[in-house]
Amino acid sequence: MKRTLAGYEPHMWDYITERHAQLLYQSYQHLSLVIQCVLLATVLAVALAVFVHRNPRVVALAGGVSAIGLTIPSFALLGLLIPSAGIGTATSVIAVTFYATLPILRNAVVGLAGVDAALIESARGMGMGAVRTLMRIELPLAWPVILAGVRVSAQMSMGIAAIAAYVLGPGLGSFIFTGLTQIGGANALNSALVGTLGVVLLALVLDALLLLAGRLTTSRGIRV
C-alpha cells in the first residue's frame, strides 16, 4: 500500500473492484451520451452540407464557422448554456452535439463538393432526380470523407463528455473531477486515473466500431 497525506492509498485495482458496478454504469452512460450526440450531429451536419455544398461562398462560411466553433472553450460554452438549459443532461447533450457537429460538417461539405460533376450530370442524363442522385451517387462517394469526420468527432466528443461532468452531466467525468477536487486526499489519484483511462478505453472501442461500420457501409470500389 502507498502512504499519502491522508492515510493509505489503496491500489488502483482494489479501487476498481470496490466500485466496478458504478464504473460500468457510468461507462455505459458516457458511451451512450457520445454515440447519441454523434448520431444527431451526423444527421445535422450532413443535412446542412447538402444545402450548402454547391455554393462556394456558403461553403467558405461553413468552414469558417466550424473553425471558430472549435476554438470556443468547452467550459465557457457549458457556462453559457446553464441559464437556459440548466444543470444536467440537457446541457451536456447540447454542448457535446455542438462540438460533434463541427468536424462532420466540414468533412461532409468537402466530401460532397469533391464528387465529380461529370458523374452527377451523367446520373441526371439517365433520368435520376436530384434526391435520387444525392442518395445513389453523391452521398455514397462522399461517405468515406464524412466518416473520417465522424471518427474525429467521436474522439473529441469523448473528452467533451467528460468535461460535461462540470454541469453534472452523465459519464466518467465525475471520477475525474472528484479526483481533481480532492488532490492529496485518499483515492484522489485513483479516481482521476480511472476516469481518464476509462474515457481513453471507450474512445478506442468506439473508433474500432466506426472502422468496422466504415467497412460495412463503404462500397469496395471506393475504399481507401
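Residues numbered from 1 in each chain as written. Predicted model: local features only at pLDDT ≥ 70, side-chain atom pairs only at ≥ 80, totals over all residues. Heavy atoms only, no water.

For the protein, the name recorded in an unreviewed UniProt entry is ABC transporter permease, with Kribbella yunnanensis as its organism. According to the UniProt record, the Sequence similarities (unreviewed entry) comment for the protein is "Belongs to the binding-protein-dependent transport system permease family." (UniProt positions renumbered as here; feature names shortened; annotations may be inferred.)

Let us look at the overall build of the protein. Across its full length, the protein carries nine helices and two strands. Along the first, second and third principal axes, the C-alpha atoms of the protein reach 75 × 40 × 20 Å. Per-residue burial over the protein gives 41% buried out of 224 residues. Looking at the protein as shown, the accessible area adds up to about 12,300 Å², and 70% of this sits on carbon and sulfur atoms. Of the side chains in the protein, 13 bear a positive and 7 a negative charge, and the two mean positions are spaced by 8 Å. (Helix = DSSP H or I, 4+ residues; strand = E, 2+ residues; numbered from the N terminus. Buried < 20%, exposed > 50% of the residue type's maximum accessible area, 1.4 Å probe, protein only. Areas by Shrake-Rupley, 256 points an atom, 1.4 Å probe, with all protein chains shown as cover. Lys, Arg positive; Asp, Glu negative; His and termini not counted. Charge placed at Lys NZ, Arg CZ, Asp CG, Glu CD.)

The topology assignment puts Thr 133 in helix α7 (residues 130–163). Assessed through its relative accessible area of 0%, Thr 133 is described here as buried. When residues no more than four places from it in sequence are discounted, the contact partners of Thr 133 are Ile 120, Ala 123, Arg 124, Met 128 and Glu 138. (Contact = heavy atoms within 4.5 Å.)

Turning our attention to the pattern of salt bridges. Counting across every chain of the model gives two salt bridges. The shortest N-O distance in the salt bridge between Arg 19 and Glu 18 comes to 3.2 Å. On the basis of relative accessibility, which here comes to 22%, the residue Arg 19 falls in the partly exposed class. Classification of Glu 18 by relative accessible area gives exposed; the value is 57%. (Salt bridge = Lys/Arg side-chain N within 4 Å of Asp/Glu carboxyl O.)

Position of Ser 92 relative to the elements: it lies in helix α5 (residues 89–113). Relative accessible area serves as the criterion here: at 0%, Ser 92 is assigned to the buried category. The contacts of Ser 92, once residues within four sequence positions are left out, are Leu 33, Ala 164, Val 167, Gly 169 and Pro 170.

What follows is about the packing of helix α2 (residues 20–52) against helix α8 (residues 173–181). Interaxial distance between α2 and α8 falls to 9 Å at its minimum, and their mutual angle equals 120 degrees. Residues Gln 22, Leu 23, Gln 26 and His 30 of α2 touch α8, and the partners they reach there are Gly 173, Ser 174 and Phe 175. Tallied by class, the residues present in the contact of α2 with α8 amount to two nonpolar, five polar and no charged. (Axes fitted to C-alpha atoms, helices over the stretch in contact; angles between N-to-C directions. Nonpolar A, V, L, I, M, F, W, Y, C, P; charged D, E, K, R; others polar.)

This paragraph deals with the nonpolar core. Within the largest apolar cluster, 45 residues are counted, with the highest numbers of intra-cluster contacts made by Ile 146, Val 150 and Met 158. At eleven residues, the largest contribution of residues to this core is made by α7. Setting aside its immediate chain neighbours within four residues, Met 158 contacts His 30, Leu 31, Val 34, Val 199, Leu 202, Ala 203 and Leu 206. (Core = buried A, V, L, I, M, F, W, Y, C linked by side-chain atoms within 4.5 Å.)

Attention now moves to unusual backbone geometry. In the Ramachandran plot, Leu 168 falls in the positive-phi region, its phi being about 65 degrees despite a non-glycine side chain. Mapped onto the fold, Leu 168 is located in the loop between α7 and α8.

Time to look at the packing of helix α4 (residues 74–85) against α5. Contact geometry for α4 and α5: axes closest at 9 Å, N-to-C directions at 135 degrees. Considering the angle they form, α4 stands oblique to α5. The way α4 lies across α5 gives a crossing that is right-handed. Residues Ser 74, Leu 77, Leu 78, Leu 81 and Ala 85 of α4 form the contact with α5, whose own contacting residues are Ala 90, Thr 91, Ile 94, Ala 95, Phe 98 and Tyr 99. The class makeup of the residues in the contact of α4 with α5 is nine nonpolar, two polar and no charged. (Parallel < 35°, antiparallel > 145°, perpendicular 65-115°, else oblique. Left-handed = near helix turned anticlockwise from the far one by under 90°.)

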